[in-house]
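Per-entry structural report
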Amino acid sequence: QVTLKESGPGILQPSQTLSLTCTFSGFSLSTYGMGVGWIRQPSGKGLEWLANIWWDDDKYYNPSLKNRLTISKDTSNNQAFLKITNVDTADTATYYCARSRENYFDYWGQGVMVTVSS
Amino acid sequence: DIHMTQNPVSLSAFIGDKVTITCRASQDISRYLGWYQQKQGQSPKFLMYYASNLLSGVPSRFSDSGSGTEYSLTITGIQPEDAATYFCQQCYSYPLTFGSGTKLEIK
């Protein structure tokens, strides 16, 4: 059974760095073809893909967030991470991690709400 | 970036109706398209990908079609539990992009 769960700070101030953790089970990020992606969704709005990391440590980022994103993984502990630097109110959203296969997202976490507010 | 235009923004249907949601890509995505269902207050659920590869457990009333830049998701015989927002996603190239969503209301 594949499960994923996101964790994060809940609330942070503008200009801070957002650190998110995805803890998963039921698959391994050392298995060929496996990946984890991060997607966010502002309240009442659509889905925005942020980044993917793959079993071979290949990484892809959404260029709309320029150089603010860093994705990483800890294969032995079944975790993936996302950092977003210099946050502002536009980064307020629910953040999801999801298992990625061939760039699709077949299992999603429950999401973690992040609010950026001064 | 590949832009995904999804229509309609919302629609209403009766139980048993057939509805179709369309997604148009700004360039040929060679059927590298997935569909997701998101119910109110829940995370998205993956329905199908790459031309009718229905995920295990997804009812057969869901089907898709399309090629090139034009794709559609059809639900034949709407059920109350189909009330949700549906998103398409192109998996052809980075950055991965989603349609803006179609909200399906059951009358």
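Rules used in this analysis
Think of each chain on its own: its residues are numbered from 1, step by step along the sequence as written. All chains are assigned letters beginning with A, and all ligands numbers beginning with 1, in the order in which they are written. Reporting in this predicted model follows two pLDDT cut-offs: at least 70 for local features of residues, and 80 or more for side-chain atom pairs to be given and counted; totals over whole chains, interfaces and linings ignore these cut-offs and use all residues. The side-chain values count all of the structure's non-hydrogen atoms but skip hydrogen atoms and water molecules. Contact between two residues is taken to exist if any of their heavy atoms lie within 4.5 Å; hydrogens are not considered. Buried area: the sum, over both parts, of the accessible surface (1.4 Å probe) that disappears when the two are put together. When a carboxyl oxygen of Asp or Glu is within 4 Å of a side-chain nitrogen of Lys or Arg, the pair counts as a salt bridge. Pairing of N or O atoms within 3.5 Å defines a polar contact, subject to two protein rules: one partner must be a possible hydrogen donor and the other a possible acceptor, and residues neighboring in sequence count only if both atoms are side-chain atoms. In plain words, nonpolar cores are sets of buried Ala, Val, Leu, Ile, Met, Phe, Trp, Tyr and Cys residues tied together by side-chain atoms within 4.5 Å. Note on exposure labels: buried denotes an accessible area under 20% of the residue type's maximum, exposed denotes more than 50%, and partly exposed covers the range between, all computed with a 1.4 Å probe on protein chains only. The helix count covers DSSP runs of H or I at least four residues long, the strand count covers runs of E at least two residues long, and both are numbered beginning at the N terminus.

1. What to know about the interface of chain B and chain A
Every contact between the two is made by 20 residues of chain B and, on the other side, 19 residues of chain A. Carbon and sulfur atoms supply 66% of the area that chain B and chain A bury against each other, a total of about 1,700 Å² over both sides. On the surface where chain B and chain A come into contact, there are zero salt bridges. Counting across the interface, chain B meets chain A through seven residue pairs in polar contact (both at pLDDT 80 or more).

2. Points about the nonpolar core
Within the largest apolar cluster, 39 residues are counted, with the highest numbers of intra-cluster contacts made by A:Phe105, A:Trp108, B:Trp35 and B:Tyr86. In contact with B:Tyr86, other than residues within four places in its own chain, are B:Gln6, B:Ile21, B:Tyr36, B:Gln37, B:Leu47, B:Phe62, B:Leu73, B:Ile75, B:Gly101, B:Thr102 and B:Leu104. Formed by 28 residues, the second largest nonpolar core is a distinct cluster that contains A:Leu50, A:Leu69, A:Tyr95 and A:Val116.

3. Some details on unusual backbone geometry
Omega for the bond connecting B:Asn7 with B:Pro8 falls within 30 degrees of zero, at -5°, which places this linkage in the cis form. Of note, B:Pro8 is situated in the loop between strand E1 (4–7) and strand E2 (10–13). The step from B:Tyr94 to B:Pro95 runs through a cis peptide bond, and the omega angle for that step is -5°. Residue A:Asn86 is not a glycine yet carries a positive backbone phi of 50°. Counting through the fold element by element, A:Asn86 comes out in the loop between strand E8 (79–84) and strand E9 (93–101). The backbone of A:Glu102 sits at a positive phi, close to 50°, despite the residue not being glycine. Structurally, A:Glu102 can be placed in the loop between E9 and strand E10 (104–108). Overall, the relative accessible area of 56% leaves A:Glu102 in the exposed class.

4. Quick notes on the side chain of A:Asp106
Its place among the elements puts A:Asp106 in strand E10. A residue is classified by how much of its surface remains accessible, and A:Asp106, at 14% relative accessible area, is buried. Setting aside chain neighbours within four positions, we find A:Asp106 in contact with A:Arg99, A:Arg101, B:Phe46 and B:Leu55.

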